[in-house]
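# Summary of structural features
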Amino acid sequence: MRTRIFAFTLSIFLCAIARAELKWEQTAVELHPTAGDKEAVGHFKYQNTGSQPVRFKSVHTSCGCTVAQSQKEEVPPGEKGEITATFKIGDRTGTQVKNVTVETDDPDHATTVLTLKAVIPQELEINPTFVFWGQGEALKSKSIVVRASKDFPVKQLKVTSSSPDFQTKVEQTGNGQFKIDIQPRETSRAIAAKLLIQPEDSPKVFYATASVTNAPAIQ
Amino acid sequence: MRQALVLAALALLPAIGQAIYFRDKVSWQSPIPASEMVTVAQARAWDGNVIWVDARPDAEFERDHVPDAVPLNEDRWNELLPQFLATWSPEKRVVVYCSSQSCNASREVARRLREEAQLRNVFVLQGGWEEWLKSRK
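An account of the accompanying structure is given in this report. Since the structure is predicted, the reported quantities are computational estimates derived from the model, not experimental observations. (Residues numbered from 1 in each chain as written. Chains lettered and ligands numbered in written order. Predicted model: local features only at pLDDT ≥ 70, side-chain atom pairs only at ≥ 80, totals over all residues. Heavy atoms only, no water.)

## Some remarks on the overall build of chain B
On a plain count of helices and strands, chain B comes out with 6 helices and 5 strands. If you list the helices and strands of chain B from N to C, you get α-β-α-β-α-β-α-β-α-β-α. Taking all 137 residues of chain B together, 40% fall into the buried category. Considering only contacts in chain B between residues 6 or more positions apart, those separated by 24 or more positions represent 66%. Per element, the accessible surface of chain B, about 8,200 Å² overall, is 55% carbon and sulfur. (Helix = DSSP H or I, 4+ residues; strand = E, 2+ residues; numbered from the N terminus. Buried < 20%, exposed > 50% of the residue type's maximum accessible area, 1.4 Å probe, protein only. Contact = heavy atoms within 4.5 Å. Areas by Shrake-Rupley, 256 points an atom, 1.4 Å probe, with all protein chains shown as cover.)

## Section: the overall build of chain A
Secondary structure assignment for chain A yields 1 helix and 17 strands. Relative to its 219 residues, chain A shows a buried fraction of 37%. Long-range contacts, defined here as pairs at least 24 residues apart, represent 62% of the contacts in chain A between residues at least 6 apart.

## Observations regarding the state of the cysteines
In total, this model carries 2 disulfides over all chains according to the counting rule given. Here C63(A) connects covalently by a disulfide to C65(A), the sulfurs 2.0 Å from one another. Looking down the S-S bond of the C63(A) and C65(A) bridge, the torsion is 130 degrees, so its handedness is right-handed. The same class applies to C63(A) and to C65(A), which are both buried. For C98(B), the disulfide goes to C103(B), at an S-S distance of 1.8 Å. As the torsion about the S-S bond is roughly 90 degrees, the C98(B)-C103(B) disulfide counts as right-handed. C103(B) carries the same exposure label as C98(B), and that label is buried. (Disulfide = S-S within 2.5 Å.)

## Focus: the side chain of R56(B)
All names here are of chain B. Residue position: R56 is located in the loop between strand 2 (50-54) and helix 3 (58-63). Assessed through its relative accessible area of 4%, R56 is described here as buried. Among the polar contacts made by the side chain of R56, one reaches the main-chain carbonyl oxygen of E60 at a distance of 3.3 Å. If we ignore the near neighbours within four places in the chain, the residues touching R56 are F61, D64, H65, N73, Y97, C98, S99 and W129. (Polar contact = N/O pair within 3.5 Å; in protein donor to acceptor, adjacent residues only side chain to side chain.)

## Quick notes on the interface of chain B and chain A
Taken together, the contacts link 21 residues of chain B with 20 residues of chain A. Across the chain B to chain A interface the summed buried area is about 1,700 Å²; carbon plus sulfur atoms make up 52%. Remark: the boundary between chain B and chain A carries 3 salt bridges. We note a salt bridge from R92(A) to E74(B), for which the minimum N-O separation is 3.9 Å. Element by element, the count of residues in the side of chain B that touches chain A is highest for helix 4 (residues 77-87) of chain B, at 6 residues. By residue class, the composition of the side of chain B that touches chain A is 9 nonpolar, 3 polar and 9 charged. (Buried area = accessible area lost by both parts, 1.4 Å probe. Salt bridge = Lys/Arg side-chain N within 4 Å of Asp/Glu carboxyl O. Nonpolar A, V, L, I, M, F, W, Y, C, P; charged D, E, K, R; others polar.)

## Topic: the pattern of salt bridges
Taken as a whole and assessed by the stated rule, the structure comprises 21 salt bridges over all chains. E79(B) is paired through a salt bridge with R76(B); the nearest N and O atoms lie 2.8 Å apart. E116(B) is paired through a salt bridge with R112(B); the nearest N and O atoms lie 3.1 Å apart. For the pair E116(B) and R112(B), one class covers both residues: buried. Each of K88(A), R92(A), E74(B), D75(B), R112(B) and E116(B) takes part in a single network of salt bridges with overlapping partners.

## With respect to the packing of helix 4 of chain B against helix 5 (residues 105-115) of chain B
All names here are of chain B. The N-to-C vectors of helix 4 and helix 5 enclose an angle of 65 degrees; their axes lie 13 Å apart at closest approach. Relative to helix 5, the element helix 4 is oriented roughly perpendicular. Considering how the two elements wind past one another, helix 4 and helix 5 form a crossing that is right-handed. Contact with helix 4, carried on its side by W77, L81 and F84, involves V109, R112 and L113 of helix 5 and no other residues of that element. When the residues that make up the contact of helix 4 with helix 5 are grouped by side-chain class, the tally is 5 nonpolar, no polar and 1 charged. (Axes fitted to C-alpha atoms, helices over the stretch in contact; angles between N-to-C directions. Parallel < 35°, antiparallel > 145°, perpendicular 65-115°, else oblique. Left-handed = near helix turned anticlockwise from the far one by under 90°.)

## As for the sheet that holds strand 17 (residues 206-216) of chain A
All names here are of chain A. The strand order across the open sheet built from 4 strands is 11-17-16-13, with neighbouring strands paired in mixed fashion. Edge positions in the sheet fall to strand 11 (130-135) and strand 13 (157-161), since each of these pairs with one other strand and no more. On average, each strand axis in the sheet is inclined to that of its neighbour by 20 degrees, with strand direction left out of account. Across 5 bridges, strand 11 lies against strand 17 in parallel orientation. Along strand 17, the bridge assignment pairs Q135 with P216. (Pairing = 2+ DSSP bridges.)

Okay, structure coming up:
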């Protein structure tokens with residue numbers, strides 16, 4: 001009877017120590033890409049602190065804009081490694097939060113959610129990015145307000161219309177703010193233009209759109 | 001009876017603890033109001049008065065998409081937005097979709113259309129492309 005109790009206790013003890021355990025250095029990473037960066041890469045480092053190997057079953061992301069890769073399929077005891085998450089910035093703005101879900105064969109921590117936060121600098125705030133007129137609407141100008149961020153001072157703004165059908169006028173209203181007045185030459189037919197907004201001494205171009213739609217003017 | 005109450009009280013303790021610990025992490029509300037979501041059936045009923053917007057990456061759009069849908073994703077927002085606006089008209093409803101219920105791209109695109117371009121009548125398709133495919137069968 002004593003031997004049985006001892007064997008039972010020993011088996012429980014062995015089960016307790018012979019475990020796989022992936023310890024993450026951090027499960028959340030905040031990145032601050034600079035203007036012009038095409039992508040932001042987060043590194044999630046881990047170590048297997050258990051005595052059994054850990055196998056990755058799957059690594060998937062919450063967005064088609066993020067690709068996550070594991071260096072290895074299996075992590076032997078004591079070994080370190082990392083999951084790399086590459087976030088494609090594209091034309092995204094503001095704070096972006098993307099999740100990477102990691103599934104392993106560790107029964108105690110089968111699923112771990114890693115969070116990648118990218119704070120994309122917004123140099124110019126353009127409001128609205130679209131102005132339109134209905135068919136036959138009065139030939140009155142409409143305005144777009146452009147506000148430069150504190151970290152991106154703008155002295156002058158150049159606005160170019162892709163079509164001569166629209167005239168633009170830029171006015172500085174102070175505090176890094178500008179007003180762009182846009183006016184179509186006519187509202188009797190559907191026309192459109194892309195407005196290229198470029199701060200002085202900056203290669204970066206921002207966009208707005210102006211159009212006269214096919215629909216009658218909204219009263 | 002007394003035992004049941006004791007068990008229920010014991011079960012409640014960790015639940016309360018978890019609710020307090022995760023109070024800032026739990027989303028108690030859907031990020032999009034129900035009025036801005038639309039089912040496939042509702043959107044189909046709008047018939048010719050709808051612009052379908054595909055918020056998925058280019059490769060997925062090229063593989064297949066809702067007939068006459070316009071691609072508009074955040075990878076190429078600046079390039080695609082004017083193309084979408086060329087098809088837009090104020091009396092039309094805009095229905096944005098991405099891959100499935102869990103994807104977030106359609107919500108982001110819809111948000112930018114409402115806030116940045118200040119468009120009205122912008123809806124997000126419930127269940128996304130997966131749901132639309134089911135309705136096609």
